[in-house]
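Working through the structure, step by step
Read off the chains here:
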Amino acid sequence: MAQNSQIPQTQTLQQQLLINGGHTPESYIYKGGYHGGDSNNNTPLPLAQIPVLDLSQLSSASVGEAPLNHLRLALSTWGCFQATNHGISSSFLEKMRKISEQFFSLPIEEKMRYGREVDGMEGYGNDLIFSNQQILDWSDRLYLVTNPKDERRLEFWPLNPPSFREDLHEYTVKLMKIIDTVLIAMARSLNVEPNSFTDQVGKRPTLFKRFNFYPPCSTPHLVLGLKEHSDGTAITVLLLDKQVEGLELRKDDQWYRVPVPAVADSLLIIIGEQAEIMSNGIFKSLIHRAVTNSERQRISVVSFCCPEKDIEIKPIEGLIDEKRPRLFRSTKNYLQTYFQNYQKGERSVDGLRI
Ligand SMILES: O=C(O)CCC(=O)C(=O)O
Ligand SMILES: [Fe+2]
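One structure accompanies this document, and this report is about it. (Residues numbered from 1 in each chain as written. Chains lettered and ligands numbered in written order. Predicted model: local features only at pLDDT ≥ 70, side-chain atom pairs only at ≥ 80, totals over all residues. Heavy atoms only, no water.)

1. Quick notes on the overall build of the protein
Short version of the rule: Secondary structure is summarised from DSSP: a helix means a run of H or I of at least four residues, a strand means a run of E of at least two, and numbering begins at the N terminus for each. Here the radius of gyration uses the C-alpha set of atoms, whereas the globule reference equals 2.2 Å times the residue count to the power 0.38. We call two residues in contact when some of their heavy atoms are within 4.5 Å. Only the protein chains shown count as cover for residues, with accessible areas throughout obtained via the Shrake-Rupley method and a probe of 1.4 Å. The charge count includes Lys and Arg as positive and Asp and Glu as negative, but it does not include His or the ends of the chains. Charged side chains are reduced to one point each, which is NZ for Lys, CZ for Arg, CG for Asp and CD for Glu.
Counting secondary structure elements, the protein contains 9 helices and 12 strands. A globule of 354 residues ought to have a C-alpha radius of gyration of about 20 Å, and the protein, at 20 Å, matches this closely. Judged by the C-alpha coordinates and their principal axes, the protein covers about 60 × 45 × 40 Å. Residue pairs in contact within the protein that sit at least 24 positions apart in sequence constitute 78% of those at least 6 positions apart. Carbon and sulfur atoms make up 49% of the accessible area of the protein, which amounts to about 15700 Å² in all. With 39 positive and 42 negative side-chain charges, the protein shows a spacing of 1 Å between the two charge centroids.

2. Things to note about the coordination of the iron ion (ligand 2)
What counts, and what does not: Counted as coordinating are nitrogen, oxygen and sulfur atoms within 2.8 Å of the metal, or 3.2 Å for Na, K and Ca, while water is not included, which may make sites look incomplete. Type-normalised accessible area, obtained with a 1.4 Å probe on protein chains alone, sets the label of each residue: buried when under 20%, exposed when over 50%, and partly exposed for intermediate values.
Of the protein atoms, only His229 (NE2), Asp231 (OD) and His288 (NE2) coordinate the iron ion (ligand 2), at distances of 2.1 to 2.2 Å. Along the chain, the residues that donate to the iron ion (ligand 2) are spaced as H-x1-D-x56-H. A single burial state applies to histidine 229 and to aspartate 231, both of which are buried.

3. A word on the pattern of salt bridges
Formally: Every case where a carboxyl oxygen of Asp or Glu lies within 4 Å of a side-chain nitrogen of Lys or Arg is listed as a salt bridge.
Per the stated rule, a full pass over the model turns up 20 salt bridges. Residue aspartate 252 pairs with lysine 251 through a salt bridge whose shortest N-O separation is 3.2 Å. Through salt bridges with shared partners, one network takes in Glu276, Arg347, Asp350 and Arg353.

4. Some words on the sheet that holds strand S8 (residues 247-251)
Here is the rule we go by: Criterion used throughout: strands pair if DSSP finds at least two bridges between them. For every element, the axis is a line fit to its C-alpha atoms; helices are fit only across the contacting stretch, and the angle between N-to-C directions ranges from 0 to 180 degrees.
Pairing is antiparallel in the open sheet, where 4 strands are placed in the order S6-S11-S8-S9. Edge positions in the sheet fall to strand S6 (226-229) and strand S9 (254-257), since each has one partner strand and no second. Taken pair by pair, the neighbouring strands of this sheet meet at an average axis angle of 20°, ignoring direction. The sheet contact formed by S6 and strand S11 (residues 287-290) spans 2 bridges and is antiparallel. Counterpart to histidine 229 in the pairing with S11 is histidine 288.

5. Notes on helix H3 (residues 65-77)
The criterion, for reference: Between the first and last residue of a helix there are one fewer steps than residues, each counted as 1.5 Å, and that sum is the expected span.
In this model, H3 (13 residues) spans 18 Å end to end at C-alpha, consistent with the 18 Å of a helix rising 1.5 Å per residue. Where H3 is buried, its residues touch strand S1 (52-54), helix H2 (55-58), strand S2 (80-84), helix H6 (164-189) and strand S10 (267-271). The first or second residue beyond H3 is glycine 79, which carries a positive phi of 80°.

See the structure below:
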């Protein structure tokens, strides 16, 4: 694997900042700034008016047409929605934010006990570096497989704070239920068999957890916390920082800021590239990025639901007809190439278009 000319493969941003006296290291800089293509660099972006949907309503067997229509509209225009009444208490969400912050506040030596391996994704640290040209993201992260339970690699699961493992387990169990509910509602909203998405996701989907930590940056306009991307998932569940903004999303070629705090302890549910394929392009995978600021650190807790890697992912039969021909080829093991494409600024889903 090639190394970026300035940064050793597993050096974290935090370590880089220590070495560099807090100055922005070269490898993170977008020449000309990341707003390169935007016309108005100085005006703040508009706030996103993301649709808000009540998940308890969507999960009811007798759900009416109106909520399903709202869901379909949200996912085919925005590619995301804010889920309220999802069954996770606000105190539990607060606990997840708290333990994330406690972990990232540990001394670097302690976090490095869970450091990722040179060629590995899982664990604490930076993202993999695939080439000398790669512009690095202004973030360190903790990346863990949390489902299926027998695929967990506990050596990467922090023992500090002491409740971390138990809380993460509990969060995973709760999320798996939410994801199931959303996938079934997605199918109903399209008038296809309720199990159309869950069948392709499989009985043992992988749930990856990514705890993102974005330290303040003295030159926020020159770096990105996370580069522009859509997720390689079926769907993603995002728990945002309660106080610090930083997520931006694109809709119809316009970028928007995602406001915080989120409405009524909602979780942001995002369509990933694999659900775009399954829906034959009706649902749009959300293009988004994270920006930083010069004053405050920011944390997000992201849950990525990915189909079993041996299941064939393809447009649902009932969504293909003469008016809407099949838009994507079938695929498997999506993540095999996803991360490399991400780092090159390419979208895997685009390579599967017919
Ligand atoms: O930090 C955020 O708000 C976005 C995180 C994200 O997009 C990701 O981890 O894929
Ligand atoms: Fe993302």
